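Fold and contact review
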Amino acid sequence: MQSSLLAEDDGPDAAALAAAVAHRGTVNQYDELRAGLTRPGAPAELAPLWRQFFDSLGAEGWADLRARQLRVQQRVREDGATYNVYAEQAEASRPWPLELLPFLVSAEDWAVIEQGVQQRAKLLELTLADIYGPQTLLRDALLPPPLVFAHPQYLRPVHGLWPRGNTHLHIAAFDLARTPDGGFTVLAQRLQAPSGLGYLLENRLIIGPQLHDEFFALRVQRLASTFRSLLDGLMQASPAGERSRIVLLTPGPLNETYFEQVFLARYLGVTLVEGSDLTVRGNRLYLKTLHGLERVHVLLRRVDDEFLDPLELRPDSALGVPGLLQALRAGELVMANAPGAGFLESLGLSAFWPAVAERLLGQELLLPAPTTWWCGEAAVWAAQREHLDEFIVVPTFPSSGIAAQVVARLDDKARADLIARIDADPAAYTLLVPQRPSETPVWAEGQLWPRAAVMRVYALADGSGGWRVLPGALTRVAGRDEAMHDPLLSMQSGSASVDTWVIASGAVDRTSLLPKALSAAELEGWHRTVSSRAAENLFWLGRYTERAENSARLARVMLEALPEASEPVLRLLDALARHHGLVDSAVPAPWQSMRLFERALVHGLGLDSELTSVSYNLRALRDCAQALRERLSPEHWKLIHEVGDHFEHHLGAVLEEGEGHVTAPDVLGVLARAATHLAAITGAQTDRMTRDDGWRLLSVGRQIERLDMLSHALALGFEHGVHEADDGFAVLLGLFDSIITYRAQFQARREVLPLLHLLVFDTDNPRSLAWVARTMRERLRKLARQDAAWVAQITAALPAPETWSLEKMATPDAGQRLSDLIEALNGCSQAARTLSDEIGRHLFVHVVSEERSVWQ
């Protein structure tokens, strides 16, 4: 067939080529490609909309589909678009699965969807107002009280809470499927914190350019106007109006949809925050930044209800903000969505919505839902018990540990066990009639494969009591047999995604959310706001980078020095190893058993150890970096991600090869590779990061760690008399990473005076105490320039080794002079730790006096 098409005078017909390689769909399911029910022997003509798509694509476009698919995958990788699964490790993020061909929705079909979704959104808003108010629906038995009150997401603290603007819902999501008769049905609704808007945008921004001509030829409706309406409505309800500050609350980087939360925040131009970024003071919500508290007026959220406020909801939550519900009650905050809507998501309520719609709207539902039976009604369960094979059994309540099961696929024992569980707790189960969603074409290996598709459609409140339906959807497409096991085609079960093109019925909306051009005057005072959480993560990124370098260097110096170490050096190394957690306190000292001490040191380097050794610090470094992905270059993140993996892999290989008896040279090679990796990370932090206040905190964190470690090590060295031992000089210089510098300046001299000059006083040596302390003071003055009094206070408390008298400290042979030197060095170490605590209180926690409290 294809060869005859290619021989035609007018060239190949892309629509005919598509029809020739399109596989037949599942019998008795709606075929989107052909706009009709799949029947054996039915004509294989394409639907008019798809024919128009392929006509616009043309033969050249058809031949280029493979290259375009590869470009889509490349763009997904470049954007860092991922979808995590909680069962997987955080570092095993999956690339966002995106197919090339869109899901096409005609203007006529969209009109049906739009009206039905708007009606459903209005119905749910009225239902929430009733349930958390007069509860007439419960009183008149239109909704069963056990289905509402037993639901864990019915929130009693929300009863009587009227959100500002009297709007509970601002975003509502509905999972729709096309039925075999060509209509649409509502499979599920998501109201707490609906996910997917960021992925929907990512799909459009990736697929649109790859199918540019087809996008314009079909007159696909744009998305920005609806998002603009949502933001305008939120600001209209806000106490600050157009001057409102809007933030998006995320559960954090380990959430499965974290990428889309970052993407959506950037698109909307709002600040992405975690619960620890926010605080409630005087019934108002504030963002903690490096330069103080900034008022927040509107809170978009992706945190589920129960985690929002540990004072009134789930007390063990670390994702929310204490006092958040009180800020809502006081009318000082607009939240999208207000808490308490989660119980409406239960499939157990599906059968009751038609009657509720008649009561609240005086209308029949425009979009039906699949038939469901709640087993909590004794008569229902008794009637359906013998017909269980006709249903999918789904949980009535979330977090019940009940998984959806297609009963027809169970063996006799599993079926009997399921019936026994339902008998024991019928209210926990709901019966769902299986659906057959329509199938849309997916291009793969030069052919078109039919895949079941479910659309997630979003209704966004416009701030005037109305709803606008986003002209697009997050459409999920199944694997070959997935639809039989997962009726909602969830991303967790391995579904892919496609862009959704809604054909405009009139003019295509040209609204844009691109910000206006900045003026020169605005740019003169421009600075990037750094939240306290991001600042704290940067601070600890610096500390763990330095700590990892220090622990690797300390382990290397120990393994090199131990075999022939003098007694003073042994005592110094033993004290340092225990202080920095390289060996356990129960390990014999090296002068008692050198073999056991060295073996414990080597085995303590790995992640399996409970010690805070090299692997521990490398893992902590990666965890900090994970929360800062948007601030790190790809190369910087890759270095941090790889250094721990490589170290654990190489160390494990060395330990396995040696069967527990490892020689020092083998381990030294592993430590040397880690040191090289860490040096590259230091280079990235120095040369690849914007030197804003966040970077200054990173630098201060490194200098605090360096000042603490080096001054403490030097004090211990003099306390144990290492400076008097022949091998002591090399050990001290090795700890300061200054052997080459010392030899270049002082050759083979083993004198205390030049040693102190290089390690304490030399302001050109980045490892000297004077350089470290001076750098910290400079960074702090620039960092907190808006708080001169605080800066003056903390910098005054910092030591200034460059002002010490070298002449007085150069003769430590006298007891008092030696004592003074050790005391001064210990003072440096203590000052570094005190500074760390003060930075945390002032810049991260923002609690500086007892009278400042949440309930002020």
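Nothing here was measured: the structure is a model prediction, and the numbers come from that model.

For the rest of this paragraph, the subject is the overall build of the chain. Scanning the chain for helices and strands turns up 30 helices and 24 strands. Scored against the burial criterion, the 856 residues of the chain give a buried share of 56%. Considering only intrachain contacts with a sequence separation of at least 6, the fraction spanning at least 24 residues in the chain is 70%. Accessible surface, the chain as shown: approximately 36,300 Å² in total, 51% of it carbon and sulfur. Averaged over its 82 positive side-chain charges, the chain has a centre that lies 4 Å from the centre of its 107 negative ones.

Mapped onto the elements, Gln119 comes out in helix 5 (residues 107-131). Reaching out from Gln119, the side chain makes a polar contact with the side chain of Gln363 at a distance of 2.9 Å. In contact with Gln119, other than residues within four places in its own chain, are Leu361, Gln363, Glu364, Leu365 and Leu366.

This brings us to the environment of His846. Secondary-structure assignment places His846 in the segment after helix 30 (815-845). A sequence separation of 555 residues divides His846 from His291, and the C-alpha atoms of the two residues are 9.8 Å apart.

Let's shift gears to the pattern of salt bridges. Pairs can form between side chains of opposite charge once their charged atoms are near each other. What the rule picks out here adds up to 46 salt bridges. The salt bridge involving Glu705 is made with Arg547; its shortest N-O contact spans 2.9 Å. Here Glu705, found in helix 23 (residues 693-719), pairs with Arg547, found in helix 17 (residues 532-561); they are 158 residues apart in sequence, far enough to count as distant. Taking the relative accessible area as the measure of exposure, Glu705 reaches 8% and is therefore buried. A residue is classified by how much of its surface remains accessible, and Arg547, at 24% relative accessible area, is partly exposed. Look at the salt bridges and you will find they share partners, linking Glu546, Glu549, Arg553, Arg702, Arg706 and Arg767 into a network.

Take the sheet that holds strand 13 (residues 298-301) next. Read from one edge to the other, the open sheet built from 4 strands follows the order 9-8-13-14, with strand pairing classed as parallel. Either end of the sheet is taken by a strand with one partner, and the two such strands are strand 9 (271-273) and strand 14 (334-336). Ignoring strand direction, the axes of neighbouring strands in this sheet form an average angle of 25 degrees. Sheet topology note: the strand 8 (residues 246-249)/strand 13 ladder contains 4 bridges and is parallel.

Before going further, it helps to spend a moment on helix 18 (residues 567-579). The first and last C-alpha atoms of helix 18 sit 18 Å apart over 13 residues, in line with the 18 Å expected at 1.5 Å per residue. Within helix 18 the residues assigned to the buried category are Val569, Leu570, Leu572, Leu573, Asp574, Leu576 and Ala577. Backbone geometry just after helix 18 places Gly581 at a positive phi near 75 degrees.

Before going further, it helps to examine the nonpolar core. Nonpolar side chains in soluble globular proteins generally cluster together in the buried interior. Leu541, Met558, Phe647, Leu671, Leu697 and Ile839 are the most contacted members of the largest nonpolar core, which has 105 residues in total. For this core, the element with the highest residue contribution is helix 17, accounting for 14 residues. Ignoring any residue separated from it by four or fewer positions in sequence, one finds Leu697 in contact with Leu290, Ala535, Phe539, Leu783, Ile839, Leu843 and Phe844. Core analysis: the second largest hydrophobic core is formed by 74 residues, Val105, Leu161, Val356 and Trp374 among them.

Moving on, we get to the pairing of strand 16 (residues 392-395). Each regular strand shows side chains that alternate between the opposite faces of the sheet. Direction of pairing for strand 16 relative to strand 17 (residues 405-406): antiparallel, over a ladder of 2 bridges. Its bridge partner being in strand 17, Ile392 is matched across the sheet by Val406. Pairing of strand 16 with strand 18 (residues 429-432), which is carried by 4 bridges, proceeds in the antiparallel orientation. Of the residues in strand 18, the one forming a bridge with Pro395 is Tyr429.

Of all 8 residues that make up helix 2 (residues 14-21), 6 are buried, and the element is covered over most of its length. Listed in full, the buried residues belonging to helix 2 are Ala14, Ala15, Ala16, Leu17, Ala18 and Val21. Its side-chain oxygen at 3.0 Å from the backbone nitrogen of Ala15, Asp13 defines the N-terminal cap of helix 2.

We now examine the packing of aromatic side chains. Summed over the entire model, instances satisfying the criterion amount to 22 aromatic pairs. When the ring of Phe215 is compared with that of Phe216, the centres are 5.8 Å apart and the planes differ by 75 degrees; the resulting orientation is edge-to-face. Classification of Phe215 by relative accessible area gives buried; the value is 8%. Here the aromatic rings of Phe259 and Phe263 are separated by 5.7 Å at their centres, their planes lie at 35 degrees, and the arrangement is tilted. Pair noted here: Phe259 and Phe263 are both in helix 11 (residues 258-268), with a separation of 4 residues, about one helical turn. Phe263 shares its class with Phe259; the two are buried. Each member of the aromatic cluster is reached from another via a ring pair, and the members are Trp50, Phe53, Phe54, Trp62, Phe215, Phe216 and Trp501.

Across the two faces of strand 8 the burial is the same, with Ile246 and Leu248 and Val247 and Leu249 all buried. When strand 8 meets strand 9, the two strands line up parallel, connected through 3 bridges. Of the residues in strand 9, the one forming a bridge with Leu249 is Val273. Assessed by its sense of winding, the connection that carries the chain from strand 8 through helix 11 to strand 9 is right-handed.

On to the side chain of Ser238. Inspection of the secondary structure assignment puts Ser238 in the loop between helix 10 (224-237) and strand 8. If near-sequence neighbours (up to four positions away) are discounted, Ser238 is found in contact with Arg164, Ser244, His297, Val298 and Val334.

All right, on to the confidence of the model for the chain then. Residue-level pLDDT values for the chain average 88, and 92% of them are 70 or greater. Below pLDDT 50 for its whole length, residues 87-91 participates in 4 contacts with residues either more than four positions away or in separate chains. Taken as a whole, residues 849-856 scores under 50 in pLDDT and shows 19 contacts with residues more than four places along the chain or in a different chain.

On to the sheet that holds strand 16, then. An order of 15-18-16-17 is seen for the 4 strands of this open sheet, with the pairing classed as antiparallel. Each edge of the sheet is formed by a strand with only one pairing partner; in this case those strands are strand 15 (372-374) and strand 17. Here helix 15 (residues 412-424) sits on the sheet in contact with strand 16, strand 17 and strand 18, set at roughly 125 degrees to strand 18.

Before going further, it helps to examine unusual backbone geometry. Residue Asn337 is bonded to the preceding Ala336 through a cis peptide linkage, with omega at 0 degrees. Position of Asn337 relative to the elements: it lies in the loop between strand 14 and helix 13 (353-360). Non-glycine residue Gln135 carries a positive phi angle of around 60 degrees.

Calculation notes
- Residues numbered from 1 in each chain as written.
- Predicted model: local features only at pLDDT ≥ 70, side-chain atom pairs only at ≥ 80, totals over all residues.
- Heavy atoms only, no water.
- Helix = DSSP H or I, 4+ residues; strand = E, 2+ residues; numbered from the N terminus.
- Buried < 20%, exposed > 50% of the residue type's maximum accessible area, 1.4 Å probe, protein only.
- Contact = heavy atoms within 4.5 Å.
- Areas by Shrake-Rupley, 256 points an atom, 1.4 Å probe, with all protein chains shown as cover.
- Lys, Arg positive; Asp, Glu negative; His and termini not counted.
- Charge placed at Lys NZ, Arg CZ, Asp CG, Glu CD.
- Polar contact = N/O pair within 3.5 Å; in protein donor to acceptor, adjacent residues only side chain to side chain.
- Salt bridge = Lys/Arg side-chain N within 4 Å of Asp/Glu carboxyl O.
- Pairing = 2+ DSSP bridges.
- Axes fitted to C-alpha atoms, helices over the stretch in contact; angles between N-to-C directions.
- Expected span 1.5 Å × (residues − 1).
- Core = buried A, V, L, I, M, F, W, Y, C linked by side-chain atoms within 4.5 Å.
- Phe/Tyr/Trp six-rings, centres within 6.5 Å; stacked < 30°, edge-to-face > 60°.
- Right-handed = clockwise from strand over helix to strand, strands pointing away.
- pLDDT = per-residue confidence, 0-100.

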